[in-house]
Amino acid sequence: MSRVKDYIREVMKQNEARRIALTAPDEAFSNTDHEVDNDWLASRQATELHIKDAMRRWFLARFCHPAQAGCDYSDQTGYLFLDGGPFSAQDEITNRFQGYVDESLISEVAEELVQESGEFWAATALTQYRRDEDVDVDERSDVMQRLDFRISRLQDIMQLEGDFVAEAAARNLVYAAVFSALETFLWETLVYWIEVDERVMRNLLLGHPTFRQKTFTYDDVLDLKDPVGDAKLAIRAHLQNVVWHRWDRVSKLYSIAFRMEFPSTFQLDGPLDIRHDIVHRSGVSAEVGRERIVTWQEVQDLCRVASNFATLLESNIAEAFVKLNEPQQKKAKKGKKR
């Protein structure tokens, strides 16, 4: 019996030694995004096996099989790639590591990846995410305060005087900018709640088709050091590409995230058509074929409608959280009775 135990221990010891020999150490990466440290690549501590593993993990953090990214597939055309795909393992690894790593090692890793998952790859959330184009909100009240400030600043522009043509152009530009302020409010609100309440994040991951259709391999799961952070990154990357005046898509995001009814956009629909004329047609109305110049009163009315819509949305979210908290409160009461 003791010989069996000794044999098992020896096998486990050998397996662990093999794993360590194949796995790049933590110091190979400069951050949690599997960005490889160039100084480590040039160090004596970096073995060929470790360098290959580091390049592989760098690539798999940024690219995945198209099925994992939720790309549509048909027998006629294959996968429909979005976000600039398909990507090549050879090209991407070469572009990143050429000059730091021997080309033979780059080719070995690329060939292994192709053998495992094919030649064509899709971008992961890490590749799609643009940190410099994201929004951040520290306090819940900041979102509404920012909207009020932006609308107030736009209204100040209306006080400027000039000739008739300049004033007309200013009104049109302010009118369109009110929508920009409201769209940013919608974006910032959702980002805030994703960061502070994991239930919102979970609702989107489980309920929204963009995330629900994604698949993951065991390697993906095991290599995640921060699964919650990666999930938030995936959602925030998606939100960067949302057209926030597409009410059908925005309402779906909010309805799923908060399990609530999105406020009616009826009062915004007509003004949105005017906004499209101003932004996409230099003010020329698509219906009547002449220039559309908004009045000062129309600008003020839109500011009021936008503010009221934001206030109603905030109220609906607050009510939604009361309902979300009810099951937890009931469980707590049952626990006390026991």
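Here is a short report on the structure shown in this document. (Residues numbered from 1 in each chain as written. Predicted model: local features only at pLDDT ≥ 70, side-chain atom pairs only at ≥ 80, totals over all residues. Heavy atoms only, no water.)

What to know about the overall build of the chain
Turning to step 1, where the next piece is worked out: In terms of regular secondary structure, the chain is built from 15 helices and four strands.
Turning to step 2, where the next piece is worked out: Out of the 338 residues belonging to the chain, those deemed buried represent 41%.
Turning to step 3, where the next piece is worked out: Excluding contacts between residues fewer than 6 apart, the proportion of contacts in the chain whose partners are at least 24 apart in sequence is 76%. (Helix = DSSP H or I, 4+ residues; strand = E, 2+ residues; numbered from the N terminus. Buried < 20%, exposed > 50% of the residue type's maximum accessible area, 1.4 Å probe, protein only. Contact = heavy atoms within 4.5 Å.)

A short note on the packing of helix H8 (residues 164-196) against helix H9 (residues 198-207)
Turning to step 1, where the next piece is worked out: At a minimum axis distance of 5 Å, the contact between H8 and H9 shows a crossing angle of 110°. Overall, the two elements H8 and H9 adopt an arrangement that is roughly perpendicular. Side by side, H8 and H9 meet where Trp193, Ile194 and Val196 of the first sit next to Glu198, Val200, Met201 and Leu204 of the second.
Turning to step 2, where the next piece is worked out: Within the contact of H8 with H9, the residues separate by chemical class into six nonpolar, no polar and one charged. (Axes fitted to C-alpha atoms, helices over the stretch in contact; angles between N-to-C directions. Parallel < 35°, antiparallel > 145°, perpendicular 65-115°, else oblique. Nonpolar A, V, L, I, M, F, W, Y, C, P; charged D, E, K, R; others polar.)

Quick look at the side chain of His245
Turning to step 1, where the next piece is worked out: Of note, His245 is situated in the loop between helix H12 (227-239) and helix H13 (247-258).
Turning to step 2, where the next piece is worked out: Excluding residues that lie within four positions of it along the chain, His245 makes contacts with Glu183, Leu272, Arg275 and His276.

Here's the deal with the side chain of Glu183
Turning to step 1, where the next piece is worked out: Tracing the chain through its elements places Glu183 in helix H8.
Turning to step 2, where the next piece is worked out: A distance of 3.2 Å separates polar atoms of two side chains, one belonging to Glu183 and the other to His245.
Turning to step 3, where the next piece is worked out: Contacts of Glu183, omitting those with residues within four sequence positions, involve Trp244, His245 and Arg275. (Polar contact = N/O pair within 3.5 Å; in protein donor to acceptor, adjacent residues only side chain to side chain.)

Some points on the pattern of salt bridges
Turning to step 1, where the next piece is worked out: Under the criterion given, the structure shown has 20 salt bridges.
Turning to step 2, where the next piece is worked out: Between Asp53 and Arg57 there is a salt bridge, and its shortest N-O distance comes to 3.1 Å. Here the residue Asp53 and the residue Arg57 both occupy positions in helix H3 (residues 48-62), the gap between them amounting to four residues, near one helical turn. Comparing Asp53 with Arg57 shows no difference in burial state: the two are buried.
Turning to step 3, where the next piece is worked out: The salt bridge involving Arg246 is made with Asp248; its shortest N-O contact spans 3.4 Å.
Turning to step 4, where the next piece is worked out: Overall, Asp248 belongs to the partly exposed group, its relative accessible area being 46%.
Turning to step 5, where the next piece is worked out: What emerges from the salt-bridge pattern is a single network uniting Arg131, Asp134, Asp136, Glu195, Lys232 and Arg236. (Salt bridge = Lys/Arg side-chain N within 4 Å of Asp/Glu carboxyl O.)

What to know about a nonpolar patch on the surface
Turning to step 1, where the next piece is worked out: A cluster of nonpolar side chains, Phe164, Val165 and Ile293, forms an exposed patch at the surface whose accessible area comes to about 310 Å².
Turning to step 2, where the next piece is worked out: Mapped onto the secondary structure, Phe164 falls in helix H8. (Patch = residues over 30% accessible without salt bridge, like charges linked within 9 Å, V, L, I, M, F, W, Y side chains within 5 Å. Areas by Shrake-Rupley, 256 points an atom, 1.4 Å probe, with all protein chains shown as cover.)

Focus: the environment of Lys52
Turning to step 1, where the next piece is worked out: Relative to the helices and strands, Lys52 resides in helix H3.
Turning to step 2, where the next piece is worked out: Judged by its relative accessible area of 15%, Lys52 falls in the buried class.
Turning to step 3, where the next piece is worked out: When the C-alpha atoms of Lys52 and Ile106 are compared, they prove to be 7.6 Å apart, with 54 residues separating the residues in sequence.
Turning to step 4, where the next piece is worked out: With near-sequence residues (within four places) excluded, Lys52 lies in contact with Leu105, Glu108, Val109 and Glu112.

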